[in-house]
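Residue-level listing of the chains:
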Amino acid sequence: MIEVRDLHMHFGGFRAVDGASLRLEQGSITGLIGPNGAGKTSLFNCIAGVLTPTSGQVLFNGEDITGLKPHELFHKGILRTFQIAHEFGSMTCRENLMMVPAGQSGETLWNTWFGRKRIADEERALRAKADEVLEFLTISHIADLKAGEISGGQKKLLELGRTMMVDAKIVFLDEVGAGVNRTLLYTIGDAIKRLNTERGYTFCMIEHDMEFIKQLCDPVIVMAQGQVMATGTAEEIMQNEAVIEAYLGTGVKNKKTETEDAE
Ligand SMILES: Nc1ncnc2c1ncn2[C@@H]1O[C@H](COP(=O)(O)OP(=O)(O)OP(=O)(O)O)[C@@H](O)[C@H]1O
Ligand SMILES: [Mg+2]
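Throughout, residues of each chain are indexed from 1 in the direction in which the sequence is written. Starting at A for chains and at 1 for ligands, labels are handed out in the order in which the entities are written. For a predicted model such as this one, the threshold for reporting local features is a pLDDT of at least 70, and the threshold for listing and counting side-chain atom pairs is 80 or more; totals across whole chains, interfaces and linings nevertheless cover every residue. The basis for the side-chain values is all heavy atoms of the structure; hydrogens and waters are excluded.

Trainee: How would you summarise the nonpolar core if you had to cite specific residues and measurements?
Mentor: As used here, the term nonpolar core means buried Ala, Val, Leu, Ile, Met, Phe, Trp, Tyr and Cys residues forming a set that is joined through side-chain atoms within 4.5 Å. Under the scheme applied here, a residue whose accessible area is under 20% of the maximum for its type counts as buried, over 50% as exposed, and between as partly exposed, the area being computed with a 1.4 Å probe on protein chains only. Residues L137, I192, F203 and M205 are the most contacted members of the largest nonpolar core, which totals 51 residues. The numbering of helices and of strands both runs from the N terminus, where a helix is a DSSP run of H or I of at least 4 residues and a strand a run of E of at least 2. Top element by residues in this core is helix α7 (residues 182-199). It accounts for 6 residues. Contacts: residue pairs with any heavy atoms within 4.5 Å of one another. Residues within four places of L137 in sequence aside, it is in contact with L157, L160, G161, M164, T187 and A191. In this structure, M1, M9, L22 and M223 belong to the second largest nonpolar core, which totals 26 residues.

Rendered as structure tokens:
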């Protein structure tokens, strides 16, 4: 579905992404892991149009999408989650979802003058859709709360919910589980799994929690120093000597111990 060919993202002389190549298969939940500073977020941002790569190619179902802007990718169904912007914190969770779909008819003057009924109809449909999304994510109870006042984990679910308001095909998640308590982490994982199996979403997710990765992701891609160093199942990756080596100091094992300690 997505193919990345020899991608480079240089910042001045620094090679954050240094010739990365990978494939994301339709229907998969691919995990992207690697030590801090490996270039994972930079790679994501190149694929999702936030950064323009220095060189290399990104293909979407064979079409060259290198350098397209986030809104252009959005229309193709390629989405990355963003933190709920500060200025939307005073809107309710439902309202945050309702404003995602682009091209609402309320935006044009013509429709403002002549299409009041249509606007009302669309708003009703949007509201129903938002409520359906909240229910799917099991957070109907926060619909009327201000987005600025919900917990960190609930915010992550709401960010995921934003991708459900449009026709997403592939969603990129950058550390969606970071700092989230175990219960909500389970809810998030479950939502990802159901979006994948029931709605055909393809995912690529950066995550540091290997347990979370193991439960959701196949395959797992490991990045180090701007390059892809290994691809395999979570089990294979966790036994790969070169991967363990790359993690020394911040190791996979250390991370796992930390998680267990926290429980
Ligand atoms: N805009 C930028 N300008 C300069 N250097 C940058 C920029 N963005 C990232 N870098 C550098 O590129 C390297 C890779 O960063 P990146 O955020 O992609 O890593 P990461 O794998 O996501 O790390 P982490 O696991 O800590 O999130 C880092 O050394 C970082 O300091
Ligand atoms: Mg990162």
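From this point, the discussion proceeds with the structure in view.
Trainee: Lay out the pairing of strand β9 (residues 220-224) with the relevant residues and their values.
Mentor: With 5 of 5 residues buried, β9 is to be regarded as a mostly interior element. Two elements, strand β3 (residues 29-33) and β9, share 3 bridges in a ladder whose sense is parallel. For G31, the partnering residue across the bridge sits in β9 and is V220. Paired strands, as defined in this entry, are two strands with at least two bridges between them according to DSSP.

Trainee: Kindly report on the environment of V228, identifying the contributing residues and their values.
Mentor: Looking at the secondary structure, you find V228 in strand β10 (residues 227-232). Exposure remark for V228: the relative accessible area of 25% places this residue in the partly exposed category. Distance from V228 to G19, taken between C-alpha atoms, is 8.3 Å for residues 209 residues apart in sequence. The residues contacting V228, other than those within four sequence positions of it, are A20, S21, L22, I221, V222 and M223.

Trainee: Summarise the layout of surface pockets; cite the residues concerned and give the values.
Mentor: A cavity, in this analysis, means grid points on a 1 Å lattice covering only the protein atoms where a 1.4 Å probe fits yet has no way out; a pocket is instead an open set bounded by protein on both sides within 12 Å along at least five of seven lines, and a residue lines either one if it has an atom within 4 Å of a point. Grid points are joined across faces, edges and corners, and a volume is the space filled by probe spheres set on the points. Counted as a void, the largest pocket has a volume near 420 Å³. Contributions of two or more residues to the lining of the largest pocket are made by α2 (70-76), β6 (78-80) and α6 (152-164). For the lining of the largest pocket, the class distribution of residues is 11 nonpolar, 5 polar and 3 charged. Three categories are distinguished: nonpolar for Ala, Val, Leu, Ile, Met, Phe, Trp, Tyr, Cys and Pro, charged for Asp, Glu, Lys and Arg, and polar for the others, with Gly belonging to the last.

Trainee: Break down the site of ligand 1 for me, with residues and values.
Mentor: Residues are labelled near a given molecule or strand when at least one of their non-hydrogen atoms is within 4 Å of it. By nearness alone, 13 residues border ligand 1, and N36, G37, K40, T41 and S42 come closest of all. In the analysis that follows, any N or O atom pair within 3.5 Å is treated as a polar contact, provided that within protein one partner can donate a hydrogen and the other can accept it, and provided that, for residues neighboring in sequence, both atoms belong to side chains. One of the side-chain N or O atoms of S42 is found 2.6 Å from an oxygen atom in ligand 1. Calculation on ligand 1 without its partners gives an accessible area of 630 Å², and the protein chains cover 59% of this total. Every element with two or more residues in the shell around ligand 1 is listed here: β2 (14-24) and α1 (40-47). If one sorts the elements of the shell around ligand 1 by residue count, α1 sits on top with 3 residues. Partitioning the shell around ligand 1 into residue classes produces 5 nonpolar, 6 polar and 2 charged. Computed by Shrake-Rupley with a 1.4 Å probe, the accessible areas treat only the displayed protein chains as cover when residues are assessed.

Trainee: Describe the sheet that holds strand β1 (residues 2-11), and please don't skip the residues or the numbers.
Mentor: Strand order in the open sheet formed by 4 strands is β2-β1-β4-β5, with antiparallel pairing between adjacent strands. Across the chains shown, the open sheet's two edge strands, defined by having one partner strand only, are β2 and β5 (63-64). Where β1 and strand β4 (residues 55-60) come together, 5 bridges link them in antiparallel fashion. The residue of β4 that forms the bridge with I2 is F60. Lines fitted to C-alpha atoms define the axes here, with helix axes fitted over just the stretch in contact, and angles between the N-to-C directions of these axes take values from 0 to 180 degrees. Sheet strands touched by α1: β1, β2 and β4. Its angle to β1, the strand with the most contacts, is close to 115 degrees.

Trainee: Can you explain the environment of E159? Please cite residues and give values.
Mentor: Relative to the assigned elements, E159 resides in helix α6. E159 sits in the buried class, given a relative accessible area of 9%. C-alpha separation for the pair E159 and C93, spaced 66 residues apart in sequence, amounts to 10.0 Å. Residues within four places of E159 in sequence aside, it is in contact with T81, F82, Q83 and I84.

Spatial relationships are all this shows, so hold off on functional conclusions.
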